[in-house]
Amino acid sequence: MPSPPPLDRLAALLPPGRVLTDAESLAAFGRDWSEIHLPPPAAVVLPRAVAEVAAVVRFANEHRVPLVPSGGRTGMSGGAVASAGEVVVSLARLDRVLDFDPVDRTVRVEAGAVTRGVQEFAAARGLCFPIDFASSGSSQIGGNIATNAGGLKVIRHGTMRDRVAGLKVVTGRGDLLDLNRGLVKNATGYDLRHLFIGSEGTLGLIVEATLRLTAPPPPRGVLLLAVPALPHLLDLLCAFRAAVALSAFELFCDTSLRHVLAARRLERPLAAVSPFYALVEFDRPDGAAEDAALAVVERAVAAGWASDAVVAQDEADCRRLWLLRESIAESIAPEDPHKNDISVTVSRLPAFLAEVERVVRASYPDAPVLWYGHVGDGNLHLNVLRPEGLDPAEFARRCREVDERVFEVVAAHGGSVSAEHGVGLLKKDYLGYSRSAAEIAAMRGIKAVFDPNGILNPGKLFDTAEEEPT
Ligand code: S2G
Ligand code: ZN
């Protein structure tokens, strides 16, 4: 545990009331949605200007005080938790929309801007910020970028990486970098933007982003298919993709659905119970698109890829069907599930899912396993619920053992042990299943360039040579 920082010197850097040390603030700002409980931070600072962020970083370098960059704290991998008396730097007060350009179709926001607010800002100007997930109402743009968040519409709009046209970061050295400045083309050497996207606060603090917006989507069609088995998932995806302009292709199992129906007191969307469901969203500018989608449904039922379907009749129906998918995480949260967030290339999904199913079925004979995720982009969220009466520590130990077998399957398929939730603390020990020793060494080298004193989010993502346990 580092020696306590000179908080009086820290407080002198910021206006009054922006350094918090009360127990409630320390507890709240020291954790994220990963529910990892570790010693509280030494303090929380709330800068409201880039210059204040830079001053805190200089202070941290001078006194070797570790910092934890913090946004909406909706992370699932412990990337924003305090673990050893760090100072949490919350960007929540750095939350302004700074600029909007209708010609460039970009909006420039501070890192603490809430994702939902940026979506609403764009919509009010006839455009769209298309990155969306269940936590959009509390996640912040800086954190979305730091974890390269994906969410529900990646098959059409990509991840945060594809939406960042410019990025301002304060590096671990205290330098302010103004990267790419919104340019569409800029072939002037390494695109440093992409080093900071997904770096989980280990290279710099993201303070501002220029985000590329899209034209507003046409009216959408949404349908829910009852899917009897996983092997034909790709047939379904490819058939819809060939017939309509897809914007989402999500999967969830009946156990996931049952948790949502119970939590929200909803009726089943289809008469029959099916092992799996696929939620398909597509552009429906006219009836022809809907007819094309319905033709695929008929073909899928005839081929046995699906057994039933319900088609949204209006926007309210679309939201009703989406709620069944979007509510899964919150519906199972009270049971403190063991979460996985794995991905492979879409073409590998059938073989991958079959192998994962074999491992999971053999490893969790008595635990409910929930399958859901963005299978249209190869991302599966496998959540395991603790069996009644099983000791939490024993359950966690068993899950870690099973994770190794699941990650062996992921590695065999060239996949990722963390598709969109980041590595943080939770996946750090498994990084080697997806990144080679040479890659991790290169990442350590890059960390040394931008954060030579190792003050930024130490222990997250990987250990530097100095942090490695002896
Ligand atoms: C989702 C939300 C977090 C989780 O629902 O797509 O990313 O794993 C997840 O439940
Ligand atoms: Zn997800």
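Residues numbered from 1 in each chain as written. Chains lettered and ligands numbered in written order. Predicted model: local features only at pLDDT ≥ 70, side-chain atom pairs only at ≥ 80, totals over all residues. Heavy atoms only, no water.

## Let's talk about the pairing of strand β9 (residues 204–212)
Now for step 1: By the criterion of burial, β9 is predominantly enclosed, with 8 of the 9 residues buried.
Now for step 2: Two elements, strand β7 (residues 164–171) and β9, share 7 bridges in a ladder whose sense is antiparallel. Bridging from a neighbouring strand, Leu167 pairs with Ala209 of β9. (Buried < 20%, exposed > 50% of the residue type's maximum accessible area, 1.4 Å probe, protein only. Helix = DSSP H or I, 4+ residues; strand = E, 2+ residues; numbered from the N terminus. Pairing = 2+ DSSP bridges.)

## Some thoughts on the sheet that holds strand β12 (residues 276–283)
Now for step 1: In spatial order, the strands read β13-β10-β12-β11-β15-β16-β14; together these 7 strands make up an open sheet with antiparallel pairing. Pairing within the sheet leaves two strands with one partner each, and these edge strands are β13 (308–311) and β14 (338–343). Adjacent strand axes in the sheet meet at a mean angle of 15° when their direction is disregarded.
Now for step 2: Contacts between helix α9 (residues 254–264) and the sheet are confined to β11 (246–253), β12 and β15 (369–373), with β11 contributing the most and set at about 90° to the helix.
Now for step 3: Sitting on the sheet, helix α14 (residues 392–412) touches β14 and β16 (379–384), and the angle it makes with β14 is about 5°. (Axes fitted to C-alpha atoms, helices over the stretch in contact; angles between N-to-C directions. Contact = heavy atoms within 4.5 Å.)

## Digging into α9
Now for step 1: Looking only at α9, the buried set comprises Asp254, Thr255, Ser256, Leu257, His259, Val260 and Leu261.
Now for step 2: On the buried face of α9, the contacting elements are β11, β12, α11 (315–326), α12 (328–332) and β15.
Now for step 3: Just beyond α9, the residue with positive phi is Arg265, at close to 50°.

## Some remarks on the nonpolar core
Now for step 1: Within the largest apolar cluster, 75 residues are counted, with the highest numbers of intra-cluster contacts made by Leu225, Phe240 and Trp371.
Now for step 2: Looking at this core, the element that brings in the most residues is α14, giving 7 residues.
Now for step 3: If you look at the next biggest cluster of nonpolar residues, it comprises 49 residues, including Ala60, Val65, Leu67 and Ala209. (Core = buried A, V, L, I, M, F, W, Y, C linked by side-chain atoms within 4.5 Å.)

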